[in-house]
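Residue-level listing of the chains:
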Amino acid sequence: LSSSSAASDVYKRQVMNEEERYLAVAACKWVDEVVKAAPYVTELAVMDKYNCDICVHGDDIVVSADGVDTYHKVKEAGRFRTVPRTEGVSTTALVGRMLLMTKDHHTTHDADKSALHHGTFTKQIGELAQGGLPKSSPYTGVSHFLPSSRKIVQFSEGRDPTPDDIIVYADGGFDLFHVGHIDFLKRAKELGTYLIVGVNPDKVINEKKGWGYPVMNLHERVLSVLSCRYVDEVIIGAPWSLTEQIIKNHNIKIVVHGTVFDYGNNQEDAHLDVSVYEVPKKLGIYREIKSPRGITTSDVVNRVIDNYKKFQERNRKKEAKEIQHIQQSSTQ
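Rules used in this analysis
Residues numbered from 1 in each chain as written. Predicted model: local features only at pLDDT ≥ 70, side-chain atom pairs only at ≥ 80, totals over all residues. Heavy atoms only, no water. Helix = DSSP H or I, 4+ residues; strand = E, 2+ residues; numbered from the N terminus. Buried < 20%, exposed > 50% of the residue type's maximum accessible area, 1.4 Å probe, protein only. Contact = heavy atoms within 4.5 Å. Phe/Tyr/Trp six-rings, centres within 6.5 Å; stacked < 30°, edge-to-face > 60°. Lys NZ or Arg CZ within 6 Å of the ring centre and 35° of its normal. Pairing = 2+ DSSP bridges. Axes fitted to C-alpha atoms, helices over the stretch in contact; angles between N-to-C directions. Core = buried A, V, L, I, M, F, W, Y, C linked by side-chain atoms within 4.5 Å.

Of regular secondary structure, the protein chain possesses 14 helices and 7 strands. Counting every position in the protein chain, which comprises 332 residues, the buried fraction comes to 45%. Counting contacts in the protein chain only where the partners sit at least 6 residues apart, residues at least 24 apart contribute 77% of the total.

Right under this line is the structure:
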C-alpha cells in the first residue's frame, strides 16, 4: 500500500488514514502480507524485494499525478496482470454516493434500472472499441452493483460449523466496512471458534439512520463482511431484533454487541434499543464487547462531507485523467 504522502500527490485527500488502510487490507482473508509505504508507481525492485512474480490490478485506468500509467514499468517487464473490475464498487464511486447521499443504490431500487445502468457502462465501452471518444469516463461515477449467487460463493469461507464449535453471533449494518468493524469482529471471534455475522437490510438501516444511509447496499455490505478473515458465515438481511428461533437454528452460543453505536443523523435513536437483544439476555448468552475504536460509519461520511469541495474536485480530476488517457490511447 502506498503511504498517505505518496497517494496525496494524486488524490490530495484520502477517506481513510494510512494506519486504517493498512489494517483494513491486512484483515482481508486473501491477503498474506502487507507492504507498507510502497511507491505509487510500482517499481520492479520492490516486487523483487518481496519475491513477487506478478503485479495485479483491476482493468480501470490508474495514472500518476503527471498522467503517467502507474504500472508502465511492470507492464514493460511482462509482469503485469489485470482482473475485471467490479463495476460501481470503488473508492471513487463510494465517495460519489456520500456526496450525493441518495437512496438510489439501495436494494429496493428497481432491478431493471440497475441493469440499464450496467448497459450504459457496456455501451460506453463498446463505443470506445469502435473508435468513439466519451464525454464522461465509463470508469468513474455512481453505478449499481449487480449481485449473483456465484459472487457470494466466491467470497464465502466454505466451512460448516461442527458440533464442537462455539458459535458467536454479531449483527449490524457494517456500512462502509472500516477498521472499527474489523477490530470488533476480531474480538468477537476470540470469544468462540465460529463467527456468524448478521447484516441488516437497507430498509431497516435507513429507518434507523435516515438520510441516504446505508451508503453501501445490502449485497455490497455482505461481500465486505465476508471478505474479513475473522468471519465464517453471514446471515443476509438479518432482522433488527434477534429471535430465539434464529438462535436455535444456528446453534448460537454467544451473542455480542459493541459499545459504540451509530445512528447517523437520527439522534432520537442515539442509544441501543433494549428490546434488540432481549432474547439473548434472557437466555444468558449476551456479551458486550468494548469497542476498540470510536470510529463509526458516520465519521467516515463526515470526513467526506467536511471536505465536500475537495473530494468533488478529486473525482472531477480523476475522471478528466481517465478521459485524457482514453483519448491518447485511441490515437496510438
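Turning our attention to the side chain of Ser291. Mapped onto the fold, Ser291 is located in the loop between β7 (286-289) and α13 (297-306). Classification of Ser291 by relative accessible area gives buried; the value is 14%.

On to the packing of aromatic side chains, then. For the coordinates displayed, the defined rule picks out 3 aromatic pairs. With a centroid separation of 5.1 Å and an interplanar angle of 35°, the aromatic rings of Tyr71 and Phe80 are classed as tilted. The exposure class of Tyr71 is buried, given its relative accessible area of 12%. Centre to centre, the rings of Phe174 and Phe177 are 6.5 Å apart; their planes meet at 50°, and the pair counts as tilted. The aromatic ring of Phe80 is capped on one face by Lys75, whose charged end is 5.0 Å from the ring centroid. Above the face of the Tyr286 ring, Lys281 is positioned so that its terminal group lies 5.1 Å from the ring centre.

Spatially, β5-β4-β3-β6-β7 is the arrangement adopted by the 5 strands of the open sheet, whose pairing is parallel. Unpaired on one side and paired on the other, β5 (233-236) and β7 mark the two borders of the sheet. Within this sheet the neighbouring strands show an average axis-to-axis angle of 25°, counted without direction. As defined by bridge partners, strand β3 (residues 167-172) adjoins strand β6 (residues 254-258) across 3 bridges and the pair is classed as parallel. Within β6, the residue paired with Val168 across the bridge is Ile254. This element, helix α8 (residues 179-189), spans β3, β4 (194-199), β6 and β7 of the sheet and lies at about 140° to β4.

All right, on to the nonpolar core then. Counting 25 residues, the largest nonpolar core has Leu185 and Val197 as its most contacted members. For Leu185, the residues in contact, after removing those within four places along its chain, are Ala170, Phe174, Phe177, Leu195, Val197, Cys228, Tyr230 and Val231. Counting residues in each nonpolar core, the second largest holds 17 residues, with Tyr194, Val204, Ala238 and Ile252 among its members.

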